[in-house]
Amino acid sequence: MVASRNTAFAEDSAEVEVLYANLEKLKLLTKKIQGSLVRLETGGNVVKHAIGPIYSNTQSLQITNSNIDRVVEAIERLRKPLDAKNREEGIIRAGPQMDDLSQYLAAMRRVDNALVDLTSTNLKSNQKAISEFTSLLGIGNSKLQDLLRLKLGEHVSPIEPLHYLTKDLPFPSIPKDRIAEIAPICVAISSAAVHTPHRGEGGSPALRIYADVRGPYITTSTQNLAIASLNTLKRRAADESPYKQGTNGIGIYSNALENFIYAEWEAINQIFTGDHRGLVLQMTCRSALAEYSKTLRELNEYIRSNLLTDCFLAFEIIDIVTAKSYDIELKTGELKSLFLEALRPVRETAKSSLAEILEETKRSALAIPTLPPNGAPTPLVDKVMHSLIELTGYQKPLASILTSLGDGNWRSTSTSSMNTPLDVNPDSNVLFSHFVLDVIETLLIALESRSRNLHRTKAAQGVFLSNVFCLVDRAIRSSPELAKLLGSPDSISRIDTFRKRATSTYLDAWKETSHYLLDVQYTSGRGGNRPQSSGVVDSSAIVKALSSRDKDAIKDKFKSFNTSFDDLVARHKSFHMEREVRNVLAREVQAVLEPLYSRFYDRYHEIDKGRGKYTKYDKGSLAAQLAALQ
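Residues numbered from 1 in each chain as written. Predicted model: local features only at pLDDT ≥ 70, side-chain atom pairs only at ≥ 80, totals over all residues. Heavy atoms only, no water.

Moving on: the overall build of the protein. The secondary structure content of the protein amounts to 21 helices and 0 strands. In the protein, 79% of the contacts between residues at least 6 apart in sequence involve partners at least 24 apart. On the protein, roughly 34,000 Å² of surface is accessible, and the fraction owed to carbon and sulfur atoms is 53%. (Helix = DSSP H or I, 4+ residues; strand = E, 2+ residues; numbered from the N terminus. Contact = heavy atoms within 4.5 Å. Areas by Shrake-Rupley, 256 points an atom, 1.4 Å probe, with all protein chains shown as cover.)

Attention now goes to the pattern of salt bridges. Enumeration according to the criterion identifies 24 salt bridges in this entry. Where Glu 360 meets Arg 363, a salt bridge forms, and the shortest distance between an N and an O atom there is 2.3 Å. Of this pair, Glu 360 and Arg 363 both sit in helix α10 (residues 336-366), 3 residues apart, which is roughly one turn of the helix. For the salt bridge of Asp 508 with Lys 511, the shortest nitrogen-to-oxygen distance reads 3.0 Å. (Salt bridge = Lys/Arg side-chain N within 4 Å of Asp/Glu carboxyl O.)

Glancing now at the packing of helix α11 (residues 379-391) against helix α14 (residues 458-478). One can describe the packing of α11 onto α14 by two numbers: an axis separation of 10 Å at closest approach and a directional angle of 20 degrees. On the basis of the axis angle, α11 is roughly parallel to α14. Handedness of the α11/α14 crossing: right-handed. Packed against α11, whose contacting residues are Val 381, Asp 382, Met 385 and Ile 389, the element α14 presents Val 468, Leu 471, Val 472, Ala 475, Ile 476 and Ser 478 at the interface. (Axes fitted to C-alpha atoms, helices over the stretch in contact; angles between N-to-C directions. Parallel < 35°, antiparallel > 145°, perpendicular 65-115°, else oblique. Left-handed = near helix turned anticlockwise from the far one by under 90°.)

All right, on to a positive patch on the surface then. A surface patch of like charges, here positive, comprises Lys 559, Lys 609, Arg 611 and Lys 613. Mapped onto the elements, Lys 613 comes out in the loop between α20 (579-604) and α21 (619-628). Residue classification places Lys 613 among the exposed residues on the basis of a relative accessible area of 55%. (Patch = residues over 30% accessible without salt bridge, like charges linked within 9 Å, V, L, I, M, F, W, Y side chains within 5 Å. Lys, Arg positive; Asp, Glu negative; His and termini not counted. Charge placed at Lys NZ, Arg CZ, Asp CG, Glu CD. Buried < 20%, exposed > 50% of the residue type's maximum accessible area, 1.4 Å probe, protein only.)

An ideal rise of 1.5 Å per residue puts 44 Å on 30 residues; helix α8 (residues 276-305) measures up with 43 Å between its terminal C-alpha atoms. Taken as a whole, α8 carries its principal kink of about 45 degrees at Arg 286. (Expected span 1.5 Å × (residues − 1). Bend = angle between axes of the 7 residues up to and from the residue.)

Turning our eyes to something else, we now look at the nonpolar core. If you look at the biggest cluster of nonpolar residues, it comprises 121 residues, and the most contacted ones within it are Phe 315, Ile 317 and Ile 440. If you look at the next biggest cluster of nonpolar residues, it comprises 35 residues, including Val 543, Met 577, Phe 600 and Tyr 604. (Core = buried A, V, L, I, M, F, W, Y, C linked by side-chain atoms within 4.5 Å.)

A surface patch of nonpolar side chains, amounting to about 790 Å² of accessible area, comprises Val 16, Tyr 20, Leu 23, Leu 26, Leu 29, Ile 33, Leu 37 and Leu 40. For Leu 23, the position within the fold is in helix α1 (residues 2-94).

Under the criterion given, the structure shown has 17 aromatic pairs. Geometrically, the ring pair formed by Tyr 292 and Phe 339 is edge-to-face, given 5.8 Å between the ring centres and 65 degrees between the ring planes. Of this pair, Tyr 292 sits in helix α8 while Phe 339 sits in helix α10; the two residues are 47 residues apart in sequence, bridging distant segments of the chain. Taking relative accessible area as the criterion, Phe 339 reaches 2% and is therefore assigned buried. Chaining the aromatic ring pairs together yields one cluster made of Trp 510, Phe 561, Phe 565, Tyr 597, Tyr 601 and Tyr 617. The cationic tip of Lys 331 hangs over the ring face of Tyr 262; the distance from NZ or CZ to the ring centre is 4.3 Å. (Phe/Tyr/Trp six-rings, centres within 6.5 Å; stacked < 30°, edge-to-face > 60°. Lys NZ or Arg CZ within 6 Å of the ring centre and 35° of its normal.)

Mean pLDDT for the protein: 84, with 83% of residues reaching 70 or above. Across the protein, the element-wise mean pLDDT spans from 70 in α1 up to 96 in helix α7 (residues 250-271). Within the model, pLDDT remains below 50 along residues 522-534, and this stretch shows 8 contacts once partners closer than five positions in the same chain are excluded. (pLDDT = per-residue confidence, 0-100.)

According to the stated counting rule, one finds 1 cavity of 30 Å³ or more in the structure shown. Computed from the structure, the largest cavity encloses a volume of approximately 50 Å³. In this structure, the largest cavity is lined by Leu 444, Glu 448, Leu 465, Phe 469, Phe 498, Arg 501 and Ala 502. Of all the secondary-structure elements, those providing two or more residues to the lining of the largest cavity are α13 (428-454), α14 and α16 (489-508). Class assignment of the residues belonging to the lining of the largest cavity gives a composition of 5 nonpolar, no polar and 2 charged. (1 Å grid on protein atoms, 1.4 Å probe; cavity = no way out; pocket = protein on both sides within 12 Å on 5 of 7 lines; lining within 4 Å. Points joined across faces, edges and corners; volume = space filled by probe spheres on them. Nonpolar A, V, L, I, M, F, W, Y, C, P; charged D, E, K, R; others polar.)

Okay, the packing of α13 against α14 next. For the pair α13 and α14, interaxial distance at closest approach is 10 Å and the crossing angle is 165 degrees. By the criterion of interaxial angle, the relationship of α13 to α14 is roughly antiparallel. Crossing angle aside, the handedness with which α13 passes α14 is right-handed. In this structure, α13 contributes Ile 440, Leu 444, Leu 447, Glu 448, Ser 451 and Arg 452 to the contact, and α14 contributes Gln 461, Phe 464, Leu 465, Val 468, Val 472 and Ile 476. Looking at the contact of α13 with α14 residue by residue, the class counts come to 8 nonpolar, 2 polar and 2 charged.

So, on to the layout of surface pockets. In this structure, the largest pocket occupies an estimated 490 Å³ of space. The set of elements that each furnish at least two residues to the lining of the largest pocket consists of α14, α16 and α20. A per-class count over the lining of the largest pocket returns 11 nonpolar, 4 polar and 6 charged.

This part covers unusual backbone geometry. Even without being a glycine, Asp 168 presents a positive backbone phi close to 55 degrees. Within the fold, Asp 168 resides in the loop between α4 (161-166) and α5 (176-193). Look at Asp 168 and you get exposed, because its relative accessible area is 68%. Positioned with a positive phi, Leu 335 is a non-glycine residue whose angle comes to about 75 degrees. Within the secondary structure layout, Leu 335 lies in the loop between α9 (307-332) and α10. The class for Leu 335 is buried, based on a relative accessible area of 4%.

Structurally, the position occupied by Glu 264 is in helix α7. Here Glu 264 falls in the buried class, since its relative accessible area comes to 1%.

If you want it as C-alpha cells, here you go:
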C-alpha cells in the first residue's frame, strides 16, 4: 500500500515540474512578443513620419485635378453661346418665313438662352459677347414685330355690327389657325424684350402692337353707331313729347361694343398669358371706349338742354351702361371703371333732373295764363302723369340715383342743401313712391293756387280741382307700376286729401242754397208748437202757428232757394266734368241738400196751400232734379 502511494505522489510531482517548466517558457515567449511589439510600434512611427508628406501631396493633386476639370467644363459652357452666335446669326438675319417660322423661333429661343447664360457668369470678358447677342436678339425681335403686325393686319377690315346683331351672329375674331401662328410669335417677342433697354408700354412690344392694330379696327367698326346715336337725337329737335325708351341708338351701340370686347377677349386669352391679358384688353379697347365716352358726353349735352323731355334718355343710358360694365367685368375682370367713368356726366345730369322735374312742374302750373271757365282740366295734368308713367320704366337706374341722393334730397339741385341723412339700407320702391308723390303733390298744389287766382267762383274751382284729381287718379289706376307704387295707405291718404279738398270747395258753392233751408225752432213763446220728434210733421199746424212775419220769411226762403237752386243746377250742367267727377259731385250735393230740403218741405210746404207759388219742388221732383245732375 505504501509503495503504491509513493508511486502516485512521484507521478504528480513530475507533472507539476513539467507545468512549471512550461510556465517559464511562456514567460520568456511573452517577453519576446512584447519586445517585438515595441520594435513594430517604433518602426510604424518611423514609416508614418516618412509617408505623411507624400499622402498630403496626393490629396492636393486630386483637388487640383478636380478644379481643372471644372474649369474645362466652364470653358466648354462659355464656348457654347459663342458657338450659338455663329450658328444662329445667319437664320436670324435672314428673317422669319412662314415655311420655317418654327425654325426661326427656335433660333431666337437658343440665342435668348445663350444670352441668359452669358449674363449669369458676370465675367467682364463676356461683355462684348453679351452686346453682340443683345444686338442679334434685337434684330430678330424687330423682324418678329414686323411679322406680327403683318399677321394681325390681315384681319382688321371694318365690319358692320348691325349685320351680326340683327342676325344674332357671333362677332368675328382672329381665326384659330392664325392665332396658332401669332401666339408663339408674341411669346418670343415678350421673351426677347426682357433684354432690351426700352421694353415699352406693358413690358412687351407684343401687347402694344396688338392694341395698335386691333384697337382702330374696333373704333372704326363702331363709328357709324356713334354717329347714329347722335343723329337720332337731332331728329327729336322739334319733338316736345318725352323721350320714348329704346328709340336712341345708344343701346345698339353699347351692344356692339360689348360684343367686340368679348371677341377680343377670346382671342387675347389664346395669345397672351397672366396679367398681360387684362392689360392688352385695356390697351386695345381704350380708343373705342374714348369714342364711346365722347358720344355719351355729347348725348349728355343734348339731354341737359332738353332736360324735362330727354331726362328719360339719361335714365336709359345709366341702365344700359351700368349693366354692360358689370357684365363685362364679370366675364373679363376688366373695363368696369372705364365704363362708369364715361357714364359719370350723364349720371350727374340724371340726378339734377329730378329736382328739375319738380321745379318745372310747379313752374309750368303757375305759368298757365288762363283756365277754362267751365272747370275743364289743363293738358298739363296728362303731360305730367304721362311722364310719371314713363318714369316707371326706369325703376332700376332711378333706384340707384334716389338711393345715392337720400329720401327727399331730390327736391334741390344743390348737394350742399341735402339735410336728410342717407339710409344705409333704403327701400328703392319706397324712395321712388315718395318722389312720384312729391311730383303729384307739387302739381296739385300749384294748380290749386292757380285756380284760386283765375276762377271766379268756388264752383268752378271745385270742378277744376276735382277734374284734375280725377285725371291723376285715372292715370295711376291705368298704370300697374304706379298703382303698385302708390298703393300704400300713406300714399292713398296723401293723394285723397286733394280730392276731399276739391269736393269741399265745390260744396261751398251750395252752402248759400243750403242756408235757405235752415230755420229757427222755438221751445217756448211765440213759436211754442215745437214739432214732436216721434210723430208725423204737421205742416198745416206749423204754418198756422207762425206769425205773419215768420210766414213771409219762410216764403222768401222758398223763393230764394228756388232761384239759387235753379241757378246752381244750370251752372252744374254747364261745367265740364269727367264722368267720375260728375257722379261724385252730384252724389255729394244730393247727400247734403236732399235731407235738408225734405225736412224744410215737410214743415212748411203748406205755406202756399199747394199752389206751387213758393214751393216749386216737392220732395220727389227735387230728388229727380238732383239725380239728373249725375
